[in-house]
Amino acid sequence: TYNAYRRFQKGCHAPTFPSWGYENRTVAIRVPASNPVSRRLEHRVAGADANPYLLFAVILSCMLEGVNENLSPGEPISGDGYEQEEATLPVYMQDAVRMFKESDFIRNALGAEMQRIYTLSKEQEIDEFRRRITTLEYQSFLEKLERPWYRNVRANMAANVNKCGKSGVISHVIRTSQLPEFVL
């Protein structure tokens, strides 16, 4: 989801490049210390809100392609994985959706129709987030209203809250207010 991409920033312990390592929480695929009989992988890229069926289908397809093509995962990362490479995994949902949409691997693994429908669904989700004004944006706008030359804007805004709703107030107020020339 859109919110899951907020963790892809420094200090949030989310991997930002394809990597693996033993008992290393700074890599994308972690092999936890365990008895060889109960060995497992920890996939650290996907968010907790990912669709588990879709996620496992893609992970298994990746593993199968690796085996079939005799691909090497490279050497395991030891130490701080964030310092080893530059970020190459998408850290914004828009970039991830674009990569998913254009991926031949995904098309072969899941089918063209699944790729198309899932892409449309995620593009719709992104559009919905873009249409919303966050509390932070709204509050930062209101702080500007405390300045003396914005008093007429604040009065106009109060008169139009019911008319526009919160999401439309800011653009309506700016269009209809008498702002000083240096503000515009």
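To be clear, the structure that these remarks concern was listed above.
Below you will find a few notes about this structure.

## Re the sheet that holds strand S2 (residues 29–31)
Inference 1: Read from one edge of the open sheet, three strands run S1-S2-S3, paired in mixed fashion. Whereas interior strands pair on both sides, the edge strands pair on one side only; in this sheet they are strand S1 (20–22) and strand S3 (42–43).
Inference 2: Looking at chain direction, S2 and S3 are connected through two bridges and run antiparallel. Following the sheet pairing, Ile29 is matched in S3 by His43.

## Considering helix H4 (residues 112–131)
Counting along an α-helix, one turn takes 3.6 residues, and residues three or four places apart therefore face a common direction.
Inference 1: Between the first and last C-alpha of H4 there are 29 Å, a value that for 20 residues agrees with the 28 Å anticipated at 1.5 Å per step.
Inference 2: When H4 is considered as a whole, its buried residues turn out to be Gln115, Thr119, Lys122, Glu125 and Ile126. Summarising the axial view, the buried residues of H4 lie within an arc of 125°, below the 170-degree limit, and thus occupy one face. The outward face of H4, more than 90 degrees from its buried face, is lined by the exposed residues Gln124 and Arg131.

## Some words on the layout of surface pockets
Inference 1: The space that makes up the second largest pocket amounts to roughly 270 Å³.
Inference 2: Among the elements that line the lining of the second largest pocket, the one with the most residues is H4, at four residues.
Inference 3: Of the residues that constitute the lining of the second largest pocket, the class distribution is three nonpolar, one polar and six charged.

## Describing the pattern of salt bridges
Inference 1: For the structure on display, the rule yields eleven salt bridges.
Inference 2: The partner of Glu128 in a salt bridge is Arg131, with the nearest N and O atoms 3.0 Å apart. Taken together, the residues span about one helical turn, with Glu128 and Arg131 both in helix H4 at a distance of three residues.
Inference 3: When its relative accessible area of 53% is taken as the criterion, Arg131 is described as exposed.
Inference 4: Across the salt bridge formed by Arg132 and Glu128, the nearest N and O atoms sit 2.7 Å from each other.
Inference 5: The class for Arg132 is exposed, based on a relative accessible area of 53%.
Inference 6: Residue classification places Glu128 among the partly exposed positions, given a relative accessible area of 30%.

## With respect to the environment of Glu42
Inference 1: Residue placement: Glu42 occurs in strand S3.
Inference 2: Judged by its relative accessible area of 25%, Glu42 is partly exposed.
Inference 3: Along the backbone, Glu42 and Arg30 are twelve residues apart, and their C-alpha atoms lie at a distance of 5.0 Å.
Inference 4: Excluding residues that lie within four positions of it along the chain, Glu42 makes contacts with Ala28, Ile29, Arg30 and Pro32.
Inference 5: At a separation of 2.6 Å, a polar atom in the side chain of Glu42 contacts the side chain of Arg30.
Inference 6: At a separation of 3.1 Å, a polar atom in the side chain of Glu42 contacts the side chain of Arg44.

What counts, and at which threshold
- Residues numbered from 1 in each chain as written.
- Predicted model: local features only at pLDDT ≥ 70, side-chain atom pairs only at ≥ 80, totals over all residues.
- Heavy atoms only, no water.
- Pairing = 2+ DSSP bridges.
- Helix = DSSP H or I, 4+ residues; strand = E, 2+ residues; numbered from the N terminus.
- Expected span 1.5 Å × (residues − 1).
- Buried < 20%, exposed > 50% of the residue type's maximum accessible area, 1.4 Å probe, protein only.
- Arc of directions from axis to C-beta.
- 1 Å grid on protein atoms, 1.4 Å probe; cavity = no way out; pocket = protein on both sides within 12 Å on 5 of 7 lines; lining within 4 Å.
- Points joined across faces, edges and corners; volume = space filled by probe spheres on them.
- Nonpolar A, V, L, I, M, F, W, Y, C, P; charged D, E, K, R; others polar.
- Salt bridge = Lys/Arg side-chain N within 4 Å of Asp/Glu carboxyl O.
- Contact = heavy atoms within 4.5 Å.
- Polar contact = N/O pair within 3.5 Å; in protein donor to acceptor, adjacent residues only side chain to side chain.

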